[in-house]
Amino acid sequence: MSLSRTLISSLAAALLFLCQAPASAGQITGFSWFSGVASVAGTTFSPPVAPNNDNAVGTSPNSIFVTQKDYRAIGPVDLVFDVTDTGGVTEYLVMEGVQNSTGLDWTSYHIELGFGEGAGFVKSLPGDGLDFDSPDFDSDLDFNPGGFFFPIVTASEDDLFASGGTQPDFSFAGNYLFHIDVPDGITSFTIRQSPIAVPEPTSLCLLLAFGCASLVGLRRE
Ligand SMILES: [Ca+2]
Ligand SMILES: [Ca+2]
Ligand SMILES: [Ca+2]
Ligand SMILES: [Ca+2]
């Protein structure tokens, strides 16, 4: 067989394979992350074992695993996922480990859905199909987006606020868990996450010092 015929045969076989490859709705095909305040390690995802499982009750067997996000300062981390568009809504369980290396205690944690990253981040709209298992939130066996540090969760379609506790400086939680619904009609989406900290100790000291100085000033008048 000549080289050109071999090449054509190989191309034909490759095209046949691509045409026969099964497509899954909302299948995640790529991942990247953006942040000026943190590092992200060990992110894995597999083809969904149960595509089009919206809206199944209970923990989704489709999963995204982020081993660790290590925050060095307060600010957002944008996890951007590429997805295929094939005809349904697939629900994923997102599992993350979160390290606080910011030098500050956190009082709450905010997770948002949207598109793009950094200054170009655009919030997901109500009713666009991309959501935190809204409106039923019926996969709440693991509805624990703030790990064991934050037991109180306020959920809406595109926002999760976890609070009611403190994640101390230099601590790690390996069980940030939440569900997302990934629809058709998009080529990518973003999970933005931001810790919220108590005021910096230096700022508090400055405020206290300013307050004391003011009182001294008042007493002298
Ligand atoms: Ca939405
Ligand atoms: Ca759902
Ligand atoms: Ca939904
Ligand atoms: Ca569900």
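Preceding this paragraph is the structure being described.
Residues numbered from 1 in each chain as written. Chains lettered and ligands numbered in written order. Predicted model: local features only at pLDDT ≥ 70, side-chain atom pairs only at ≥ 80, totals over all residues. Heavy atoms only, no water.

Caption draft 1: The arrangement of the packing of aromatic side chains in detail. Under the criterion given, the structure shown has eight aromatic pairs. Relative to Y176, the ring of Y109 has its centre 4.8 Å away and its plane inclined at 70°; by these criteria the two rings are edge-to-face. With Y109 in strand β6 (residues 106–115) and Y176 in strand β10 (residues 171–182), the pair connects residues that are 67 residues apart, well separated along the chain. Residue Y176 is classed as buried on the basis of its relative accessible area, which comes to 0%. (Phe/Tyr/Trp six-rings, centres within 6.5 Å; stacked < 30°, edge-to-face > 60°. Helix = DSSP H or I, 4+ residues; strand = E, 2+ residues; numbered from the N terminus. Buried < 20%, exposed > 50% of the residue type's maximum accessible area, 1.4 Å probe, protein only.)

Caption draft 2: Spotlight on the coordination of the calcium ion (ligand 3). At the metal site, the calcium ion (ligand 3) is ligated by D131 (OD), D131 (OD), S134 (O) and D181 (OD), and these contacts range over 2.3 to 2.6 Å. Mapping the donors of the calcium ion (ligand 3) onto the primary sequence gives the spacing D-x2-S-x46-D. Residue D131 is classed as buried on the basis of its relative accessible area of 7%. (Donors = N, O, S within 2.8 Å, 3.2 Å for Na, K, Ca; no water.)

Caption draft 3: Representation of the side chain of D181 within the structure. Within the secondary structure layout, D181 lies in strand β10. Comment: no salt bridge for buried D181; closest opposite-charge side chain is K123, at 16 Å. Discounting residues that sit within four places of it in the chain, D181 has contacts with D54, V89, T90, E91, G129, L130, D131, D133 and S134. (Lys, Arg positive; Asp, Glu negative; His and termini not counted. Salt bridge = Lys/Arg side-chain N within 4 Å of Asp/Glu carboxyl O. Contact = heavy atoms within 4.5 Å.)

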